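Structure assessment
Take a look at the letters that make up each chain.
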Amino acid sequence: MVVVVMASGASNKQVAEVGQMLERHGFRLHRSGASGPIVIRSSGNVALADLNLTGYPGVERVVDVSVPYKLASRTVRVEDTVVQVGDVSIGGGRTTVIAGPCAVESRSQMMAAARAVADSGAVILRGGAFKPRTSPYSFQGMEEEGVALLAEAGRAYGLATVTEVINASSLEIAARYVDMLQVGSRNMQNFDLLRAVGQTAKPVLLKRGMSSTIEEWLMAAEYIMSEGNSNVVLCERGIRTFEKMTRNTLDLSAVPLAKSLSHLPVIVDPSHATGDPRLIAPMSRAAVAAGADGIIVEVHPCPSEALCDGKQSLTPEAFGELMSGLEIISRAMGRE
Ligand code: PEP
Ligand code: MN
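Residues numbered from 1 in each chain as written. Chains lettered and ligands numbered in written order. Predicted model: local features only at pLDDT ≥ 70, side-chain atom pairs only at ≥ 80, totals over all residues. Heavy atoms only, no water.

**Side note on the overall build of the chain**
Counting secondary structure elements, the chain contains 10 helices and 14 strands. Rg of the C-alpha trace for the chain: 21 Å, near the compact-globule value of 20 Å for 336 residues, within the 12% margin. By principal-axis analysis of the C-alpha atoms, the chain measures approximately 65 × 40 × 40 Å. Counting over 336 residues, the chain shows a buried share of 53%. A sequence separation of at least 24 residues applies to 66% of the contacts in the chain between residues at least 6 apart. Of the roughly 14200 Å² of accessible surface on the chain, 51% is carried by carbon and sulfur atoms. Charged side chains of the chain number 32 positive and 35 negative; the gap between the two group centres comes to 2 Å. (Helix = DSSP H or I, 4+ residues; strand = E, 2+ residues; numbered from the N terminus. Rg over C-alpha atoms; globule rule 2.2 N^0.38 Å. Buried < 20%, exposed > 50% of the residue type's maximum accessible area, 1.4 Å probe, protein only. Contact = heavy atoms within 4.5 Å. Areas by Shrake-Rupley, 256 points an atom, 1.4 Å probe, with all protein chains shown as cover. Lys, Arg positive; Asp, Glu negative; His and termini not counted. Charge placed at Lys NZ, Arg CZ, Asp CG, Glu CD.)

Set out below in structure tokens:
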């Protein structure tokens, strides 16, 4: 499939004109937003080469992309994408740390968590309010009240915020409160949800499905991008293997691989990947050494009292130690 890459300064009118011209010649197109690249889905009545597309104002390049993920592919965009989350950037040579509890439980818990992670250098606060739990009898999250508390704690400590969305109604609520939307491992191939977050202007943290291949993960990103939202951050969070001593098996090779196949930033979740607080700091260091653009870590002011994933949550002290070690690796990697 051929992708017509528009120059960053191309106007919506220029993009529309190129699209209309192609359609007049019988090409079938997919538009990713008003100003994004144009994907040519099927050929028209004339040879594409005869149309001299690069002669049209606003057209930067015409690329034949052989891999199934087009907009996410490095061939369409050579430079690293930097995703803006509030005032925070993810990608482009810095290590961005997201931290906070698995789930929002109360105002005091969120305030204590936000203070602790901000003190140690995290820049984005996490906290689930719509929890996709394995058991219907487990704590399901505080919903709107929870996202409001997450946003309040983020504001209080100058942190951007991210929360998981699981369907259209949670998306509608979360988008009113937080800076970034998370699509969880269990929903990585919920194509309706991917399309719906793709129709928002919010950055999306896309977790790898626990049984998904790297190509399927990139195709999930493609669903979001094909709706016009290119602010996608990929997150490796461990995959299912025969090994039972860790919650999942952290596939660190996915980090440099995804970064070479795609221009999107890639971060690592060592908490869900290992399920073991003793492994989280070493795997965080390994992630950054492998080229990850950041990490997302579960931190709880009092892990033994957590309503969700307490066993794998770090105490504020342990998180502080993790951050000291990470800084050394980050500097060694030439990161900010
Ligand atoms: C989470 O981050 O809270 C979570 C549920 O992670 P995952 O979707 O990776 O299991
Ligand atoms: Mn969790």
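**Looking at the pattern of salt bridges**
Considering all chains together, one arrives at 17 salt bridges under this definition. Between Glu 23 and Arg 31 there is a salt bridge whose closest N-O contact spans 3.5 Å. Residue classification places Glu 23 among the partly exposed positions, given a relative accessible area of 42%. When its relative accessible area of 32% is taken as the criterion, Arg 31 is described as partly exposed. As a salt-bridge pair, Lys 259 and Asp 293 come within 2.7 Å of each other at their nearest N and O atoms. You can see Lys 259 sitting in helix α7 (residues 254-261) and its partner Asp 293 sitting in the loop between α9 (277-289) and β14 (294-298), a full 34 residues away along the chain. An identical accessibility class is assigned to Lys 259 and Asp 293; each is buried. Each of the salt bridges in this network shares a partner with another, and the network as a whole consists of Glu 144, Glu 172 and Arg 176. (Salt bridge = Lys/Arg side-chain N within 4 Å of Asp/Glu carboxyl O.)

**Details of the site of ligand 1**
Taken together, the residues surrounding ligand 1 are Arg 126, Lys 131, Glu 164, Gln 182, Gly 184, Ser 185, Arg 186, Lys 207, Arg 237 and His 272. Here an oxygen atom of ligand 1 sits 2.9 Å away from a polar atom, N or O, in the side chain of Gln 182. Between ligand 1 and the protein, one listed contact pairs an oxygen atom with a side-chain N or O atom of Lys 207 at 2.8 Å. Of the residues assigned to the shell around ligand 1, the class counts are no nonpolar, 4 polar and 6 charged. (Near = heavy atom within 4 Å. Polar contact = N/O pair within 3.5 Å; in protein donor to acceptor, adjacent residues only side chain to side chain. Nonpolar A, V, L, I, M, F, W, Y, C, P; charged D, E, K, R; others polar.)

**Some words on the coordination of the manganese ion (ligand 2)**
Donor atoms from the polypeptide that bind the manganese ion (ligand 2) are Cys 102 (SG), His 272 (NE2), Glu 298 (OE) and Asp 309 (OD), placed at 2.0 to 2.4 Å. Spacing between the donor residues of the manganese ion (ligand 2) along the chain follows C-x169-H-x25-E-x10-D. With Cys 102 in the loop between β7 (96-100) and α2 (107-119) and Glu 298 in strand β14, this pair connects stretches of sequence that are 196 residues apart. Of the two residues, Cys 102 and Glu 298, neither departs from the other in class, the shared state being buried. (Donors = N, O, S within 2.8 Å, 3.2 Å for Na, K, Ca; no water.)

**Observations regarding the side chain of Glu 105**
With respect to the helices, strands and loops of the structure, Glu 105 is situated in the loop between β7 and α2. At 8.4 Å, Arg 133 is the nearest oppositely charged side chain to Glu 105, a buried residue that forms no salt bridge.

**Digging into the nonpolar core**
By size, the foremost hydrophobic cluster in this structure holds 69 residues, and its most contacted members are Leu 206, Trp 217, Leu 234, Phe 319 and Leu 322. Ranked by residues supplied to this core, first place goes to helix α6 (residues 214-226) with 7 residues. The contact partners of Trp 217, leaving out residues within four places of it in the chain, are Met 188, Leu 206, Lys 207, Arg 208, Leu 234, Cys 235, Glu 236, Ala 254, Ala 258 and Val 266. Core analysis: the next-biggest nonpolar cluster, separate from the first, contains 15 residues, Val 2, Met 6, Met 21 and Leu 51 among them. (Core = buried A, V, L, I, M, F, W, Y, C linked by side-chain atoms within 4.5 Å.)

**Regarding the domain arrangement of the chain**
Structurally, the chain comprises domain 1 (2-64) and domain 2 (83-332). Placing the centre of domain 1 and that of domain 2 at their C-alpha centroids yields a distance of 36 Å. With 4 residues of domain 1 in contact, the opposing surface of domain 2 contributes 4 residues. Buried area between domain 1 and domain 2, both sides added, is near 210 Å², and the carbon and sulfur share of it is 54%. (Domains from an automatic or database assignment. Buried area = accessible area lost by both parts, 1.4 Å probe.)

**Thoughts on the environment of Ser 108**
Along the chain, Ser 108 falls in helix α2. Look at Ser 108 and you get exposed, because its relative accessible area is 55%. Along the chain, Ser 108 and Asp 87 lie 21 residues apart, while their C-alpha atoms are 25 Å from each other. Engagement of the side chain of Ser 108 in a polar contact is seen with the side chain of Ser 106, the distance being 3.3 Å.

**Some remarks on α6**
Between its terminal C-alpha atoms α6 stretches 18 Å, which fits the 18 Å expected from 13 residues at 1.5 Å a residue. Inspection of α6 places Ile 214, Trp 217, Leu 218, Ala 220, Ala 221, Glu 222, Ile 224, Met 225 and Ser 226 among the buried residues, and these make up the whole buried set. Contact partners of the buried residues in α6: β2 (28-31), α5 (191-198), β11 (204-207), β12 (232-236), α7 and β13 (266-268). (Expected span 1.5 Å × (residues − 1).)

**Regarding the state of the cysteines**
Linking two cysteines covalently via their sulfur atoms produces the bond known as a disulfide. Overall, the coordinates contain 0 disulfides when judged by the stated rule. A disulfide-free cysteine, Cys 235 has its sulfur positioned 13 Å from the sulfur of Cys 102, the nearest such atom. The class of Cys 235 is buried, set by a relative accessible area of 0%. The cysteine Cys 302 is free of any disulfide, with Cys 308 supplying the nearest cysteine sulfur at 15 Å. (Disulfide = S-S within 2.5 Å.)

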